[in-house]
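Chain and residue survey
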Amino acid sequence: MGLYPLEFSECYLDSPSFRERVRAHEAELEKTSRFIKELLKDGKNLISATKQLGLAQRRFAECLGEFQFEYIGDAKTDDEKCIDESLQEFSAFLKNLEDQRELMMRNITETLLKPLEKFRKEQLGLAKEERKKYEKETEKYYSALEKLLTMSAKKKDQQLQEADVQVEGLRERFQEESLEYVCKLQEIQERKKFECVEPMLAFFQTVFTFYHQGYELAKDFDHYKRALQINIQNTRSRFEGTRSEVEDLMRKFKEAPQEQRQRSPISIEGYLYVQEKRPPPFGSSWVKRYCTYVKEQKLLHMVTFDHRSGGKIGETESVILKSCSWKTTEALDRRFCLDIEITDRPGMVLTVQALSEEDRKFWMQAMGGKEPVSYLGKTYSEERGIDAQLDEVGFSFVKKCINAIEKRGIKDVGLYRVVGVTSKVQKLLNMMINEKTCNDVDLFTSEDWDIKTITSALKLFLRSLPEPLMTHKLYKDFLVPAKSSSPESRVQAIHHLVHQLPEKNCEMLGLLMRHLANVAANSKKNMMTVANLGVVFGPTLMRPQEETVAAIMELKFQNVVVEILIEQHEKVFGHSPSASPSADMPAFRTSTRQSKRHSRQNRPLAVYNPQVLEVKAAVTLQEVSQDIAEYPSLVVDNVCPASTESSSPHCSGSTTSNPGSPLEEAMPAVSRRKGSLVDRPGPSRPVASWMNAAPLSSTGPISVTNRKAKAVYSCEAEHESELSFRVGAIFDDGRRETLSLLHVSCSNCTSTMLLFLFLSCMQALLWPLPFLLFSAIRNHLLSCVSTHNV
C-alpha cells in the first residue's frame, strides 16, 4: 500500500500512528527532492556534454567545408564537380543539424530544468519551512503543557488561570499549524504528479521534434545522396578505365624506355652535364642541367637544377646550335660527350656529357644531320595484323554484328564489358573483314560465336582503324564542349563537330550510336547504362595522337562526349546543324547542386512550442503578401472573348488583374517543381487535370499577344528538355502556350491564384505552411474553376 492519507481529525489527537504517517510523507518528499536534485545535475551534465558534441561536430563540419579537392587536368567532369562540392554539402547538413540541436538544448533548459528547479524550491522548500514551523509549535506547546502540569496546585487561582489560558493559546496555534502542515504535505504529494511529469513530457516532445527535424533533413538530403552515389559510381568506373590505361602506358615505358622517350616531333629534352671552363689554374667543372632542344629553331634551353640542393631551379640559359659532333675519349677523359658549336658565340664550343651511350646517340640524332628514328610509326592494326577500313566490308561487318547483338543478346548482363577470348575474337574479325570469307560466317544462328566474342570483335575493329572514328584532328575540339558547364552548349557544339567528320566516319558513328541507345534502353536487364557505355566506348572512338598520362587523364571527358552522342543521337545524326555553336550559348547557368543546396540550407528551424504554429502561419502569410506586393509593375492582361461576356460577370472587355499579381512571373518556377500545380509546358506534356485546356475551346481562343513576365527567382532545370532561367529573365510570346493555359478569367481570383502558386512553390520546398490554409485556398480556386468554366 502507498502512503496513508492524513486526516484532519488526527491533527487534534496527535497520535503516534499519525506522527508515523507524517514522517512517511516527509520521507517521500525528501526522496523526491533528492531525485530532482540528481535529475537537475544530470540534465546540466547532459546539456554540457551535448554542447561539447555540438562544438566538436561544428569543428568537424568546418573542417569538411574548408577542404577542396584538387584535380588533374584543366577541367572537371560534372561528376567530379558534384563530388568536389559534396564536402560543402556535408558541412552544411551538419551545421543545420547542429542548429536544430542547439535550439533543442535551449528548449530543454526552459521546459525541463527551470520548471523542476522552480517546483523544488517553491513547493518542496515551502514544505520544509512548514515542517520547521510545525516542529517549533509542537515543541512550544508540549513544553508549556509539561510546565502547566507540573505547576503546584497551591498556587493562586489567578496564576493557574493565566497558565491555563497561555497553554490553551499554544494548543490552538499548534493545532492550526498541524492542520496547515498536513494540508500542505498532501497538496505537494498530489501536485508532484503533474509538476514533475509535465516537464518530462515537454522534454521528450523537444527530443522527438529534434529527431523529426533530423528525419526531415535526411529526406531533403536523400535526393542529393542518391545523385552523389551515381556520381561516385561513375567516377569509380572512369577511374578503373583510367588506371588500366596508365598501367599499360607504364608497362610500355618499362619495356622500351628509349623508344617511348621521344614523344614530340619538334623537341627533345633531358639531363646533360655541361662543362664550364675556368681560367687556369682552376680547371673546369661539370654542372647538371635540364636541357630542351627545339629542332626547328635549333634552340637549346638549359636550366640549372640539382636534386641535392632541395630541388631549387637555377638560372636558364639559351643558345642557338650551329653543329654537333661526337667527342672521343682520346680528346677528353670522359665518355658520352658531345661538342656543340654555338651560332651566336663564334669560336666557342660547348662540351656536354650525356647519361649513357644510348642517350648520347639519341641527342646526336636529334641535333645532328641524321633523321631521328620514328618509334611511333606502328599502328594498333599493324601490331595485330588487322586491316580494318571504313569500306563496304567494314560497314557490312558492323551492321551484321549490331543485328546479331540486338537479336540474340541485347539483354545480356555486362554487354560490351564482358570480353571474349582473344584468339576467337581475332579469328572472327579476320574472317569478317576478308572479302573471301566474310559470307561464310553466320552470326545469327551459329553457336561458335557467342555474344561476348561478337561485341569484342566489334570493339577491336573500331580500335584497329588507321585513325580513330572521331579522328585525331577533332580530338581536342570534341573535348572542349565536354568541359563546358552548360548541357545545351555541349550538345550544340558536339552536333556541329560530328558533321565536320568525314562522311564515312559520321555514318559509322551514327550507326553505332543508334545501336548503343538501344543497348542503354535495356539497361535494367543488361546493366549497361549510358555512363557505363561511355566508359567502354570513350577510349575506343577517341584517341589522342600522343599517348601520355595527361591524355589518359582526359578519358573521363571522352566518356562524356560518348554519353552525349548516345543520349542525343536523334538530334545529332537526325539533321544538320543550322547555326553557329556559339550563337545561342546560354548567358547564365546555375549549378543544379547549388540550387538544391540553397533550398536545404534555408530550411527553417524547428518550432518546438506547438502554440507558436498559428503565429508562424500568420507571419508566413504576411511575408507572402509582402513578396507579392514588391512587384506591382507586372500586370497580366486578362482579355475575355466576346462569346463569354455574359457568362462571366467579372470579365469586361480588356480588364487587367490587380497590381502586384504577376501570375506568369510565378508560373515558370512552379512548373519546374515535381508535384507542383502544373507540369512542364510542351506539346506532349498537358497541364494538370483540373486546369485542362479543353474548356477553353468552348469559349474561344484567348489572346496573349504582347505579354511579358519577369522571373522573380532563378530556376535550374533537372533535365535537358526543361527550362532554366536566372533572376530577372523576361518571358514574352515565346511562352504564350503556357500563359494561355494558365489564364484565369475571374479577375477577383487572380491574386488568390498567384498566392496558391506561391504556396505550391513553398510547399515543394518543404516550408512549414499550415495545411488548412493551403487547402482553403485550393478549394476556393476549385470552386472558381467550376463556376467560370476555366
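This is a predicted model, so every value here is computed, not measured.

Let's shift gears to the overall build of the chain. Along the backbone of the chain there are 25 helices and 10 strands. Taken across its 790 residues, the chain has 44% of its residues classed as buried. Taking the contacts inside the chain whose residues are at least 6 apart along the sequence as the reference set, 70% of them involve residues at least 24 apart. Accessible surface for the chain amounts to roughly 44,100 Å². Of this, 53% is attributable to carbon and sulfur atoms.

Of all residues in the chain, 69% attain a pLDDT of 70 or more, and the chain-wide mean is 75. Counting interchain partners and residues more than four positions distant, the pLDDT-below-50 stretch residues 369-383 has 16 contacts. pLDDT under 50 marks residues 762-772. Its contacts with residues more than four places away, or in other chains, come to 14 contacts.

Once that is clear, we can look at unusual backbone geometry. Located in the positive-phi region is Phe336, a residue other than glycine, with phi close to 60 degrees. Tracing the backbone shows Phe336 in the loop between β4 (313-327) and β5 (337-342). Although it is not a glycine, Thr471 adopts a positive phi angle of roughly 65 degrees. For Thr471, the location among the structural elements is in the loop between α10 (451-463) and α11 (475-482).

Applying the stated criterion across every chain yields a total of 15 aromatic pairs. Seen in terms of ring centroids, Tyr142 and Phe174 are 5.8 Å apart; in terms of plane orientation they differ by 70 degrees. Their pairing is edge-to-face. Placement of the pair is Tyr142 in helix α3 (residues 78-150) and Phe174 in helix α4 (residues 157-255), with a sequence separation of 32 residues. Consider the rings of Tyr271 and Tyr290, whose centres lie 5.0 Å apart with planes at 75 degrees: the pair is edge-to-face. Here Tyr271, found in strand β1 (residues 267-277), pairs with Tyr290, found in strand β2 (residues 284-294); they are 19 residues apart in sequence, far enough to count as distant. Judged by relative accessible area, Tyr290 falls into the partly exposed class, the value being 28%.

Looking now at the environment of Met542. With respect to the element layout, Met542 can be found in the loop between α15 (530-541) and α16 (549-553). Spatially, the C-alpha atom of Met542 lies 9.2 Å from that of Asn559, the residues being 17 residues apart in sequence. When neighbours within four sequence positions are excluded, Met542 is seen to be in contact with Pro468, Met470, Tyr475, Phe478, Leu479, Gln558 and Val561.

The next thing to look at is helix α9 (residues 422-432). Structural remark: α-helix, 3.6 residues per turn; residues separated by three or four positions point the same way. Burial in α9 covers these residues: Val425, Leu428, Leu429 and Met432. Down the axis, α9 shows its buried residues gathered within 95 degrees of arc, on one side only. The inward-facing, buried residues of α9 contact α8 (392-408) and α10.

The next point concerns the packing of α11 against helix α17 (residues 555-567). Two numbers describe how α11 lies on α17: the axes approach to 9 Å, and their chain directions differ by 80 degrees. Taken as axis vectors, α11 and α17 run roughly perpendicular relative to one another. Here Tyr475, Phe478, Leu479 and Ala482 of α11 lie close against α17, whose contacting residues are Phe557, Gln558, Val560 and Val561. Residues belonging to the contact of α11 with α17 are distributed by class as follows: seven nonpolar, one polar and no charged.

This next bit is on the environment of Thr343. Within the element layout of this structure, Thr343 appears in the loop between β5 and β6 (349-353). When its relative accessible area of 42% is taken as the criterion, Thr343 is described as partly exposed. Residues Thr343 and Val319, 24 residues apart in the sequence, show an inter-C-alpha distance of 7.8 Å.

In this sheet, β4 lies alongside strand β3 (residues 299-305) in antiparallel orientation, the contact comprising six bridges. Within the sheet, the bridge partner assigned to Leu299 lies in β4 and is Ile320. Direction of pairing for β4 relative to β5: antiparallel, over a ladder of six bridges. Bridge assignment links Ser323 to a residue of β5, and that residue is Glu341.

Turning next to the sheet that holds β1. If you trace the six strands once around the closed barrel, you get β1-β2-β3-β4-β5-β6, paired in antiparallel fashion. Here the strands of the sheet are splayed against their neighbours by 50 degrees on average, with no regard to which way each runs. Along the sheet face, helix α6 (residues 357-367) touches β1, β2, β4 and β5 and points at about 105 degrees away from the line of β1.

Attention now moves to the nonpolar core. If you look at the biggest cluster of nonpolar residues, it comprises 68 residues, and the most contacted ones within it are Tyr416, Phe461, Phe478, Leu509, Phe537, Leu541 and Leu565. The greatest single-element share of this core, amounting to nine residues, is contributed by helix α13 (residues 503-521). Ignoring any residue separated from it by four or fewer positions in sequence, one finds Phe461 in contact with Ala388, Gln389, Gly394, Phe397, Val398, Leu429, Ile433 and Met508. Listed in part, the 35 residues of the second largest apolar core include Met105, Ile108, Tyr134 and Tyr181.

It is at 10 Å that the axes of helix α12 (residues 487-498) and α17 come closest, and there the two elements cross at 85 degrees. In this view, α12 runs roughly perpendicular relative to α17, as classed from their interaxial angle. Here Arg490, Val491, Ile494 and Val498 of α12 lie close against α17, whose contacting residues are Val560, Val561, Ile564 and Leu565. By residue class, the composition of the contact of α12 with α17 is seven nonpolar, no polar and one charged.

So, how was this worked out
Position labels on residues start from 1 in each chain and follow its written sequence. Note on the predicted model: pLDDT of at least 70 is required for a residue's local features to be given, and 80 or more for side-chain atom pairs to be given and counted; whole-chain, interface and lining totals, by contrast, use all residues. The side-chain numbers reported here are obtained from all heavy atoms of the structure, hydrogens and water having been left aside. The secondary structure listing takes helices from DSSP runs of H or I that are at least 4 residues long and strands from runs of E that are at least 2 residues long, numbered from the N terminus. Here's how the labels work: a residue is buried when its accessible area is under 20% of the maximum for its type, exposed when over 50%, partly exposed in between, all with a 1.4 Å probe on protein chains only. Contact criterion: two residues are considered in contact whenever any of their non-hydrogen atoms come within 4.5 Å of each other. Using the Shrake-Rupley algorithm and a 1.4 Å probe, accessible areas are obtained, with residue cover drawn only from the displayed protein chains. Per residue, pLDDT measures the predictor's confidence, with a range of 0 to 100. Only Phe, Tyr and Trp rings take part, Trp by its six-membered ring, and two of them pair if their centres are within 6.5 Å. Stacked means planes under 30 degrees apart, edge-to-face means over 60, and tilted covers everything else. Regarding the arc, it is the one traced by the directions from the helix axis to the C-beta atoms. Note on geometry: axes are lines fitted to C-alpha atoms, helical ones only across the stretch in contact, with angles between N-to-C directions running from 0 to 180 degrees. Orientation is classified from the angle alone, with under 35 degrees giving roughly parallel, over 145 giving roughly antiparallel, 65 to 115 giving roughly perpendicular, and any other angle giving oblique. Any residue outside Ala, Val, Leu, Ile, Met, Phe, Trp, Tyr, Cys, Pro, Asp, Glu, Lys and Arg is labelled polar, Gly included; the first ten of those are nonpolar and the last four are charged. Two strands make a pair as long as DSSP finds a minimum of two bridges between them. What is meant by a nonpolar core is a set of buried Ala, Val, Leu, Ile, Met, Phe, Trp, Tyr and Cys residues, joined one to another through side-chain atoms within 4.5 Å.

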